[in-house]
Amino acid sequence: MEQTRKKMIPIGVENFAEMSQEGFYYVDKTGLIKELLKNWGKVNLFTRPRRFGKSLNMSMLRCFFEIGTDPHIFDGLEITKETELCEQYMGKFPVISVSLKGINATSFETACKMAAGLVNEAARKHIYLLESRELEKSEKKTFELLLDSRMKEQEVCNSLRVLSELLQKHYRQKVVLLIDEYDVPLAKAFANGYYDQMVVLVQNMFGQWLKTNYSLQFAVLTGCLRVAKESIFTGLNNLKVLSIADVRFDEYFGFTDAQVKELLAYYGLSGAYGDVKDWYDGYQFGNAHIYCPWDVLNYCDLLRADPQAPPQDYWSNTSGNDIIRHFIQYAGKGTTKQELERLVAGEAVTKKVRNDLTYRDLYRSVEHIWSVLYTTGYLTLRGKPDGDLYSLVIPNMEIRKIFTEQIMEYFNETVKQDGTAVEQFCQALQNGDAQGVQEQLCQYLKKAVSIRDTFVKKPMKENYYHGILMGLLAYKEAWAVRSNQESGSGYSDILVELEEEEIGIVIEVKYPDGGDLEKGCEQALQQIEQMEYAQQLIDDGMRTILKYGIACYKKQCRVKLADQMALD
């Protein structure tokens, strides 16, 4: 009997109608519609981190409310159980749906042109208004102006209010306005130096579209950050902000544990549940524990092709991680450094979270950066907030990997700026000076942000110290440095060849249980001998072989050198 064909995994599909009609697997979030209508707000702002299904939910709302929608695309979904609500609201409203994500410009003038293009696109979806019997000739002329890509700044600001008025007159029904990624133009403006101009433009747009728009039934906005109310929502008293800390709507962005289990079972991947949970779960929105849907879907897709594939980092491929870079730079020393080390160790840090920041404020102090790390999903809440005090943790292994990689990159950059110290380390290593190597390495461990933790396996702890050593050795461009190279009967941690001097160096790193550094060094040296790690260096013609056992525990280290091998 032929196996039933599975639904496609909807990676990158943000169109709800396509999701329904083309046979994609859909995690039902239509309950959002009921809750939205039940918990009425004239203007609703949902703030969630990137890749948690905001755009798909906006598409779902458009399909539900829009006049002319195909009701069958909701067949079998939760919202259809609400028959009275569906009769009253489904397919009953003109809808204006725009995404500001595309306003990604290097200058304010270009941003204005992009905004005009966005309005043109929104208007073209309602081109039938040119034939409307309900509109006067002058009103049709007004509509034609919305199709002109040469619109001025003031016309852009008025545009969607005007379009709302025309749609209301045509349908004799007020308009639902959906604005996705509302904060992207501000982020791009801040990054490119025209932030003040963009703030004024967005203030004027939202004032016209949301405040003085008397043809508005209700509006929904989504974004990553809640930009300070006084910054762009001036005078907008009808705004309801629904952040990741709110209990309302907490389960409608991202996947719940039950939904992930159901999805994995559907594709025959239930055995991967532990890895999926460790890597992509851990977010707390309100009272709900949430997985990142982008990550879960991508990993499921990979597992269907390769059932043995380990979890991957999908988050960092969707955007930059500049916020972590800024944070690590602040964490050079003192309390913040200790707090960062605690986070990476799987512990919680209690910090004040502010929801009223502007982009101008984001990097002005490390205290602001804590708030941004939380709202953008790099940190998440544990338990209940105590006023504005939040117990924050790194949510999962994927985000921890991003932190550790950024920490190591920053360390490697700072090593290059400290030439004298790293030269002393390398000289001691070359000369067989174990005590000198130990002293220099200990100094680096004290300065570096420690990536120890309590919830990963011992080899992963050793990887941190391995990375520190590789960063130091990278300073010597003339040295041939290899990591995890096959040699003898196994794979050595680090092999170094100084070709001109014909010196070969073997380094084995250990993280000893209980912190017994002496024992860790002995184990490392024994492994070098037993596995014959020096063989590759000998085969390559190195005449002097130096074998180092290095044991590290937290910020302490011990270095021992085996008897030097001198080959004739």
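Quick note: structure is the one above.
Notes on the structure follow. Just so we're clear, the structure is a prediction, and the values are computed from it rather than from any experiment.

1. Observations regarding the overall build of the protein
Consideration 1: When you go through the protein residue by residue, the secondary structure sums to 22 helices and 17 strands.
Consideration 2: Overall size of the protein, expressed as C-alpha extent along the three principal axes, is 100 × 65 × 45 Å.
Consideration 3: Counting every position in the protein, which comprises 568 residues, the buried fraction comes to 54%.
Consideration 4: Long-range contacts, defined as pairs at least 24 residues apart, comprise 73% of the intrachain contacts of the protein with a sequence gap of at least 6.
Consideration 5: Carbon and sulfur atoms provide 45% of the accessible area of the protein, an area that totals close to 25400 Å².

2. Some points on the pattern of salt bridges
Consideration 1: For the structure shown, the criterion picks out 23 salt bridges.
Consideration 2: With a closest N to O distance of 3.5 Å, Lys-261 and Asp-257 form a salt bridge. Within this pair, Lys-261 and its partner Asp-257 are both found in helix H11 (residues 257-266), separated by four residues, close to a single helical turn.
Consideration 3: Residue Lys-261 is classed as partly exposed on the basis of its relative accessible area, which comes to 43%.
Consideration 4: Residue classification places Asp-257 among the partly exposed positions, given a relative accessible area of 23%.
Consideration 5: One salt bridge connects Lys-351 with Glu-339, and the closest N-O pair in it is separated by 3.2 Å. Of this pair, Lys-351 sits in strand S9 (residues 349-352) while Glu-339 sits in helix H15 (residues 335-344); the two residues are 12 residues apart in sequence, bridging distant segments of the chain.

3. What to know about empty space enclosed by the protein
Consideration 1: Across all of its chains, the model carries two cavities of 30 Å³ or more by this definition.
Consideration 2: There is about 90 Å³ of room inside the largest cavity.
Consideration 3: Taken together, Leu-225, Arg-226, Val-227, Arg-354, Asn-355, Leu-357, Thr-358, Tyr-359, Leu-362, Ser-371, Val-372 and Thr-375 make up the full set of residues lining the largest cavity.
Consideration 4: Here the residues of the lining of the largest cavity sort into six nonpolar, four polar and two charged.
Consideration 5: Lining the second largest cavity are Thr-47, Arg-48, Cys-224, Arg-226, Ser-243, Ile-244, Asn-355, Tyr-374 and Thr-375.

4. Some words on the environment of Phe-108
Consideration 1: For Phe-108, the location among the structural elements is in helix H5 (residues 108-124).
Consideration 2: A relative accessible area of 9% means that Phe-108 is categorised as buried.
Consideration 3: In this structure the C-alpha to C-alpha distance between Phe-108 and Glu-497, which are 389 residues apart in sequence, comes to 54 Å.
Consideration 4: If near-sequence neighbours (up to four positions away) are discounted, Phe-108 is found in contact with Glu-153, Tyr-194, Gln-197, Met-198 and Leu-201.

5. So, the sheet that holds strand S6 (residues 255-256)
Consideration 1: Pairing in this open sheet of three strands is antiparallel, and the strands run S6-S8-S7 from one edge to the other. Each edge of the open sheet is held by one strand with a lone partner, namely S6 and strand S7 (283-285).
Consideration 2: Taken together, the two bridges between S6 and strand S8 (residues 288-291) define a ladder with antiparallel strand orientation. Counterpart to Phe-255 in the pairing with S8 is Tyr-291.

6. Regarding the side chain of Gln-430
Consideration 1: Within the element layout of this structure, Gln-430 appears in helix H18 (residues 419-431).
Consideration 2: Excluding residues within four positions of it along the chain, Gln-430 makes contact with Trp-479, Leu-498, Glu-501, Ile-503, Ile-505 and Leu-546.

7. Looking at the nonpolar core
Consideration 1: Ranked by internal contacts, the top residues of the largest apolar core, which has 115 residues, are Ile-179, Met-198, Phe-206, Leu-210, Leu-221, Leu-263 and Phe-403.
Consideration 2: Discounting residues that sit within four places of it in the chain, Leu-221 has contacts with Val-43, Asn-44, Leu-45, Phe-46, Met-58, Ile-179, Tyr-182, Phe-206, Leu-210 and Phe-233.
Consideration 3: Ranked by size, the runner-up nonpolar core spans 37 residues in total, among them Val-422, Leu-469, Tyr-511 and Ile-550.

8. A word on the side chain of Lys-29
Consideration 1: Following the sequence through the fold, Lys-29 ends up in the loop between helix H1 (16-21) and helix H2 (31-38).
Consideration 2: For the buried Lys-29, which has no salt bridge, the nearest side chain bearing the opposite charge is Glu-251, at an N-O separation of 6.1 Å.
Consideration 3: Here Lys-29 is in contact with Asn-57, Met-60, Glu-251, Tyr-252, Gly-254, Phe-255 and Gln-259, once residues within four sequence places are set aside.

Calculation rules
Residues numbered from 1 in each chain as written. Predicted model: local features only at pLDDT ≥ 70, side-chain atom pairs only at ≥ 80, totals over all residues. Heavy atoms only, no water. Helix = DSSP H or I, 4+ residues; strand = E, 2+ residues; numbered from the N terminus. Buried < 20%, exposed > 50% of the residue type's maximum accessible area, 1.4 Å probe, protein only. Contact = heavy atoms within 4.5 Å. Areas by Shrake-Rupley, 256 points an atom, 1.4 Å probe, with all protein chains shown as cover. Salt bridge = Lys/Arg side-chain N within 4 Å of Asp/Glu carboxyl O. 1 Å grid on protein atoms, 1.4 Å probe; cavity = no way out; pocket = protein on both sides within 12 Å on 5 of 7 lines; lining within 4 Å. Points joined across faces, edges and corners; volume = space filled by probe spheres on them. Nonpolar A, V, L, I, M, F, W, Y, C, P; charged D, E, K, R; others polar. Pairing = 2+ DSSP bridges. Core = buried A, V, L, I, M, F, W, Y, C linked by side-chain atoms within 4.5 Å. Lys, Arg positive; Asp, Glu negative; His and termini not counted.

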